[in-house]
Amino acid sequence: DEVVQLYGLHVAVMGMGGNAFNARALGSAALAYVAVAVREIARGHPDNVRALFAHDTNQLYLRQLLDLDWIVRGWPMHAAPTGGALVFEVRGQFVRTVFRAQSPRAQHSGAGDDVAEAVLVIPACGAELCPVEDFVRVVADAVDADCLPADLRTALVRDLSARAEVCAGLRPGPVALYLFAAAA
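What this report covers is the structure whose coordinates are included nearby. Treat the numbers as computed from the prediction; the structure is a model and nothing was measured. (Residues numbered from 1 in each chain as written. Predicted model: local features only at pLDDT ≥ 70, side-chain atom pairs only at ≥ 80, totals over all residues. Heavy atoms only, no water.)

Overview of the pattern of salt bridges
Oppositely charged side chains can form a pair if their charged atoms are brought close together. For clarity, the cut-off: Salt bridges are identified by distance alone: a Lys or Arg side-chain nitrogen within 4 Å of an Asp or Glu carboxyl oxygen. Each helix is a run of H or I in the DSSP string that is no shorter than four residues. Each strand is a run of E no shorter than two, and both are numbered from the N terminus. Only protein chains enter the calculation, and the probe is 1.4 Å; a residue is then buried if its accessible area is under 20% of its type maximum, exposed if over 50%, and partly exposed in between.
Taken as a whole and assessed by the stated rule, the structure comprises 11 salt bridges. A salt bridge links arginine 39 to glutamate 133; its shortest N-O distance comes to 3.4 Å. Residue arginine 39 is found in helix 2 (residues 20-42), and its partner glutamate 133 is found in helix 5 (residues 132-142); the two are separated by 94 residues along the sequence. Exposure remark for arginine 39: the relative accessible area of 5% places this residue in the buried category. Assessed through its relative accessible area of 25%, glutamate 133 is described here as partly exposed. Of the charged contacts in the structure, one is a salt bridge between arginine 96 and glutamate 117, with a shortest N-O distance of 3.2 Å. In this pair, arginine 96 sits in strand 3 (residues 94-102) while glutamate 117 sits in strand 4 (residues 115-120), placing the two residues 21 residues apart along the sequence. Each member of the salt-bridge network shares a partner with another, and the members are Glu89, Arg91, Arg96, Arg100, Glu117 and Glu128.

Structure below.
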């Protein structure tokens, strides 16, 4: 109980640093990588599992960029506990997003069981299963293109329609993430 109460304070403090400005500046590259990887896997790329390991702050940047909300059993809302995973599952031509984490009891005991899952709906998609190309467009709208390496920026906008609202700020130039896990 004490750990969960302290974690509530941690979440509040993290919320101050995980604002929209910081999320765009520090989370854009990771989210763009996720979108490119999702598209590659949906198109049949043989490497169909990708994993990024990062700190809870990185998960919270992605949460902010995609406007996600989650709560998993035993933790405060938006908590990204150690070992938690923001997962993007490619299911055919759709992406399913979930957050998974062990309960505080399971983390304390080291039993490795009791993993809770929160199914997430990306508001810009409006459904549990988001079409892959819609997901890529949502990401293109959410990220700051100036924070992306040129090759990643090019890969992200490749094959997107030239609609101004999708490509605004993205400069054309000359893959699903299945697991995004927090590291202690």
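From this point, things continue past the structure.
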